[in-house]
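Breakdown of the fold
Chain by chain, the residues:
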Amino acid sequence: MPEQLIFAMEVILNGLMAGVLYALVALGFVLIYKASGIFNYAQGVMALFAAMTLVGIMNGQVPFAHVINATFGTHVYNFGWTVPALLAIILTMAVMVLLAWAVQRFVMRHLVGQEPIILFMATIGLAYFLEGVADLMWGSEIKTLNVGLPQGINLWIDETTFNFFDYGFFIDNLDIVATVIAALLVAALVAFSQYTKQGRAMRAVADDHQAALSVGISLNFIWIMVWSVAGFVALVAGIMWGTKSGVQFSLSLIALKALPVLMLGGFTSIPGAIVGGLIIGVGEKLFEFAIGPMVGGATENWFAYVLALIFLVFRPQGLFGEKIIERV
Amino acid sequence: MLDNAEGYVTEDGRKIGGVVMEMKNITLRFGGVVAIKDISFDIREGEIRAIIGPNGAGKSSMLNVISGFYVPQEGEVWFHGAKRPQMRPFEVAQQGIARTFQNIALFEGMSVLDNVMTGRLGYMKTNIFQQALWKGKAESEEVENREAVEKMIDFLEIQHIRKTPVSRLPYGLKKRVELARALAAEPKLLLLDEPMAGMNVEEKEDMSRFILDVNDEFGTTIALIEHDMGVVMDLSDRVVVMDYGKKIGDGTPDEVRNNQEVIDAYLGVSHD
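The residue numbers shown here count from 1 along each chain, following its written sequence. Chains carry letters and ligands carry numbers; both start at the beginning, A for chains and 1 for ligands, and go up in the order they are written. Residues qualify for local features only when their pLDDT is at least 70, as the model is predicted, and side-chain atom pairs are given and counted only at 80 or more; totals for whole chains, interfaces and linings, by contrast, use all residues.

1. Some remarks on the overall build of chain A
Secondary structure elements follow DSSP: runs of H or I of four or more residues count as helices, runs of E of two or more count as strands, with numbering from the N terminus. On a plain count of helices and strands, chain A comes out with 14 helices and zero strands. For chain A, the α and β elements follow one another from N to C terminus as α-α-α-α-α-α-α-α-α-α-α-α-α-α. It is over C-alpha atoms that the radius of gyration is taken, and the globule rule equals 2.2 Å times the number of residues to the power 0.38. Rg of the C-alpha trace for chain A: 21 Å, near the compact-globule value of 20 Å for 328 residues, within the 12% margin. Seen through its principal axes, chain A has C-alpha atoms that stretch 65 × 60 × 40 Å. With C-beta atoms placed from the backbone, a residue is buried if 20 or more other C-beta atoms are within 10 Å of its own, exposed if 12 or fewer are, and partly exposed between those counts. Within chain A, the proportion of its 328 residues that are buried is 44%. Contact definition: two residues whose C-beta atoms, as placed from backbone geometry, lie within 7 Å. Of the contacts formed within chain A by residues at least 6 apart in sequence, a portion of 72% connects residues at least 24 apart.

Shown next as structure tokens:
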């Protein structure tokens, strides 16, 4: 087998793995968009916030330490304990549910029935607010996150491919774990939204508020639930990205990568988010591999957006999005 | 007509029961505008009760008060012999009051079947994990609810569009799907907001037949708003007539038809 082809295969594999991570973030967007028609700009910051909270709880950090110390002249920074990863994840999830409640109570409830663009602006505000709160709570330094997920080269794949092609593929264990978790997450989300009463209610609320009320669905409850689920997805994405590249501000920027993913897959489709993520992941790696050297590299920074633009021209609703029908 | 606390018997021999819902001195204002002025009436078990009146009379507002979408400034709502505390619309629905809307509020993105199924949400008691995994009682519960839904779909003759997304349906069928969804909840009281608005004669006849059949077959208590006098008079057992937020008539269709104030309101007599 020609060497180039083998390289390309490795690139595609790595692209798929990266795509899974994009898809994870995109999923959070799709969920809220489907359930409330809001494009939640704060999704990326939520992932950052979740990751920071998780690290903070695991390390036994005192939340708002700087504020407390500045106000009372104390010097507390640490509780002096560490919390096991699983417990910390559960606690973080509790914080995310609390956040969902607060968002609903203090922001969304007052904007019921407003134009989507207003809701979108509200989430931009929320993003900046949450970013500030995260910094205040846990400090702004870069932290490492280790919840015990395996990392580093997968030796089995390395050996097997070496035996086949005389060339060992480099696949990160973390990427494999991320793929498995993403698959489980999607299965759970689909089961949730298609088969459960709450899922059905969620789809109903997304479709028509009045009608939902008339069949006995509490809008407040559903919205808190949706934001909690989005918080959960943010937590999973935060763990994956945080483990991979450290918990730092740039985590919230991966949210921007989710945008082209959504344009490709369609804002309303869970499978779309997955497929879109994979296409972008593979596309940008392959493009960098094939075309990158010719144009001086760094194509990964813009490839996704150009692809999304092309899609916007030819298929604005995305691959799996609901068809836009204009009735005259 | 024999009217007492126990109910009465209609002309066509149906037995009407006691009071299900009673509105007592309801007043509803929007800022300075009085939409409903001190109106009282009752709805009895098993009857078809109509609220009629010219445009802007406050009929829809009244229906919205009953279903909890509007909160009246004054007055009390009594349901099944107890004063109803202030409730939000979804809580009213959970109490067993289903409704349809004047401008149709369906879940456009879902199939007819899914739409009607949402009417059964209140009957699903198994928890989220059982449902997601299709374990335990979730399966039998789903089957039970599906049966109830299919019954309504059969009843309203919309089997052929069960799987069609609602957004593709013509107006008349949408109205019927909305009725099916409301009925799927097996309501104690069914509120219909202009069920025949915008329909042609044939569709109106169909809808009238369905309303009568629903009442006859399931004994459902129905309160409806309608514009078309002819239709109302044929359908209903008792009629409340509203004009400019006030009640100007209440009684059997015949009584109402001969009420001078009602005739004036409909034919237009200067109010001075």
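2. Some remarks on the domain arrangement of chain B
Residue and element names in this part refer to chain B. Domain borders in the structure are assigned automatically or taken from a domain database. For chain B, the assigned domains read domain 1 (1-96 + 187-272) and domain 2 (97-186). Taken over C-alpha atoms, the centre of domain 1 sits 26 Å from the centre of domain 2. Between domain 1 and domain 2, the residue contacts involve 24 residues of the former and 16 residues of the latter. Those elements giving two or more residues to the side of domain 1 that touches domain 2 turn out to be α1 (59-66), α2 (89-94), β9 (189-193) and α7 (201-218). Per-element accounting of the side of domain 1 that touches domain 2 gives the leading share, five residues, to β9.

3. As for the environment of Phe-69 of chain B
Mapping Phe-69 of chain B onto the fold places it in the loop between α1 and β6 (74-79). With 20 residues separating them along the chain, Phe-69 of chain B and Pro-89 of chain B place their C-alpha atoms 5.4 Å apart.

4. Quick look at the environment of Thr-82 of chain A
Residue and element names in this part refer to chain A. Structurally, Thr-82 is set in the loop between α3 (65-72) and α4 (85-106). Under the C-beta neighbour-count criterion, Thr-82 is labelled exposed, with 12 such atoms within 10 Å. Linking Thr-82 and Ala-230, residues 148 residues apart in sequence, is a C-alpha distance of 27 Å.

5. Section: unusual backbone geometry
Here the phi dihedral of Asp-166 of chain A falls at roughly 65 degrees; this positive angle occurs in a residue that is not glycine. As for its position among the elements, Asp-166 of chain A is in the loop between α6 (155-165) and α7 (173-195). One non-glycine residue, Ile-104 of chain B, adopts positive backbone phi at about 55 degrees. Among the secondary structure elements, Ile-104 of chain B is positioned in the loop between β8 (97-99) and α3 (112-118). Since 19 C-beta atoms lie within 10 Å of it, Ile-104 of chain B is described here as partly exposed.

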